[in-house]
Amino acid sequence: MGTLWYNGTFFSMEAEGETFEAVYVEKGIVREAGDKQHLLDKYRNDINIRHDLNGLFVYPGFVDSHLHIVGHGEKLIRLDLSIAKSAEEMKRMLVEKETVLDVMDWLIGDGWNENNFIDRKIFHRDELDEICEDKPMFLTRVCRHAALVNSKALALAGITKETKDPEGGIIVRDYHGEPTGYLLDAACDLVKRVMPSATDEYVRRALTVAIDDLYKVGLVGGHTEDLHYYGGFKQTFNQYKKVIDGNKRKFRAHLLVHHEAVREMEEEGYSNKEITPFIELGAVKIFADGALGGRTALLKTPYTDDPSTSGVAIHTEESLHQIVKEARRKNRAVAIHTIGDGALDMALTALETYPVEKGRDRLIHLQVADESLINRMKKLPVILDLQPRFVASDFPWVMERLGEERLPYAFAWKTLLDSGLHCAGGSDAPIEPVDPLLGIHAAITRKRVGEEHEGYLPEQKLTPYEAVQLFTTGSAYAIEKEKERGKIAPGFQADFTILDQNLFAIEPDDILTTNIKMTVVDDTIMYRHEMKKN
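Computed from a prediction, not measured in an experiment: that's the story for all the values here.

**Q** Residue-level account of the overall build of the protein, with values.
**A** Broken down by element type, the protein carries 18 helices and 23 strands. By the compact-globule yardstick of 24 Å for 534 residues, the protein fits well, its C-alpha radius of gyration being 23 Å. The principal-axis extents of the C-alpha atoms in the protein amount to approximately 80 × 55 × 55 Å. A sequence separation of at least 24 residues applies to 71% of the contacts in the protein between residues at least 6 apart.

Right, dumping it as structure tokens:
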């Protein structure tokens, strides 16, 4: 028995412009796509469910190729500082939060971004102490590669004037060598170690809230990296299995495994990629550098707006090579966070030295490159995870960081695609909004809504079809599922994102007023919304 979806426009994504008016599905797999009457006649005795779409537009289910699902849930249930548009507003939010905390609580906030403030203020620990002196404070920057802490948190972590910078991290200090409360990359871990552990209930709640929200923006799946931060591999993985149970919640979760979580994963007896029809384990995740916002992304040459630094290498070259070598010994692909061209250079050298025997490696973010690095990538079996929405959030301030010389190969999505490199599209949520329509819009326009210009580096704009490919065929290719996901075609999984507008025919800004009408996973409607967006 099967399902007939009809009276819509179905985009196959096999070829630009190819559409169908109906699709017949059996056991969660597309059996045939084509003319409604033909399918009715051919499968009349097998159809037991019919969905009349009343003219809606159906795309292969959108998949976010890089995000942090538990982190997205945390953003929804914790203090969200990303909405603060000034230092004064951020302070007000912290003061209000502090008044409702119990005496033993930590004041935890996420997502502050000094680039949203006119004065670009970064709070000093003394200012944070005025807000909250008796409770420890930990405030994660939007990039999640930096944090602000107060004196109470510094004391609990044992961070003093004499504390040395950890490998891959920086304790920012004042002229007297005293910690200012601003921690970069691995230095944040010194405080995280003394923070309360995440409980099963907390992780499960964050996951549940996150996935229910992902449905609302049309996502049928996501490639996520969470298995190292919430009590370790076992605790987090067990909550994934409970929340994505294949009944109440169906969601295609592809889980990258942080290199420090691999041992626990193996001790728990997991080595196969596919655990359930909806949960699978992926490549070994490695961080090579930080982020441009905090000047911790590793560049080949110093930052234009701060020549005293070229960024931070999370690992030495020897250490990075050793991690990749160990992954190869276990026949695993790797996924390396590389934002700066210096980090990309290090990563490529490791991949060239220890080539993958089976599968594809990933390079995540890739915000700064150059021609020589692109030529090296073309010789490797790599997939590039891009986050188009970073263009809308990082420009124009990122131009000050990089300078004119580096800009032609910064956020150069079109150049990468035209070079023949395979690219997937994600959000990096909770760093950026998780809505894939925002990512598609940014890839096409390369500007924020309401800005009156031709876009930042307009020669790097993608066509609507290329932009949608990132979140469909691109995400499928990234995990070697290109023969079963990412298209509406016979033999492919019946995962659909159903909208009320044709993304290939409307004005780019109209993408932002497009409504998600249904999110379908495994031929099952996981989300339905009839009301218009405000």
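After that view of the structure, there is still more to cover.
**Q** If you had to explain the environment of Ala369 to someone new, which residues and values would you point to?
**A** As for its position among the elements, Ala369 is in the loop between strand 18 (361–365) and helix 12 (371–377). The sequence separation of Ala369 and Gly342 amounts to 27 residues, and the corresponding C-alpha distance is 8.6 Å. With residues up to four places along the chain from it excluded, the contact list for Ala369 reads Asp341, Leu344, Ile374 and Tyr409.

**Q** So what's going on with unusual backbone geometry? Which residues, and what values?
**A** With an omega dihedral of 5°, the bond running from Phe395 to Pro396 counts as a cis peptide bond. Among the secondary structure elements, Pro396 is positioned in the loop between helix 13 (389–394) and helix 14 (397–402). If you check the backbone angles, Asn7 has positive phi at about 60° while not being a glycine. Mapped onto the fold, Asn7 is located in strand 1 (residues 2–11). We note that Asp523 has phi near 65°; this positive angle belongs to a residue other than glycine. Turning to its location among the elements, Asp523 is positioned in the loop between strand 22 (516–521) and strand 23 (524–528). Since its relative accessible area comes to 17%, Asp523 is described here as buried.

**Q** Residue-level account of the pattern of salt bridges, with values.
**A** Summed over the entire model, instances satisfying the criterion amount to 38 salt bridges. Measuring nitrogen to oxygen at the nearest pair gives 2.9 Å for the salt bridge that ties Glu266 to Lys330. Taken together, the residues Glu266 in helix 9 (residues 262–267) and Lys330 in the loop between helix 10 (317–329) and strand 17 (334–338) connect sequence positions 64 residues apart. Lys330 gets classed as partly exposed once you look at its relative accessible area, which sits at 26%. One network of salt bridges, in which partners are shared, links Glu274, Glu280, Lys481, Glu484 and Arg485.

The rules behind each value
Residues numbered from 1 in each chain as written. Predicted model: local features only at pLDDT ≥ 70, side-chain atom pairs only at ≥ 80, totals over all residues. Heavy atoms only, no water. Helix = DSSP H or I, 4+ residues; strand = E, 2+ residues; numbered from the N terminus. Rg over C-alpha atoms; globule rule 2.2 N^0.38 Å. Contact = heavy atoms within 4.5 Å. Buried < 20%, exposed > 50% of the residue type's maximum accessible area, 1.4 Å probe, protein only. Salt bridge = Lys/Arg side-chain N within 4 Å of Asp/Glu carboxyl O.

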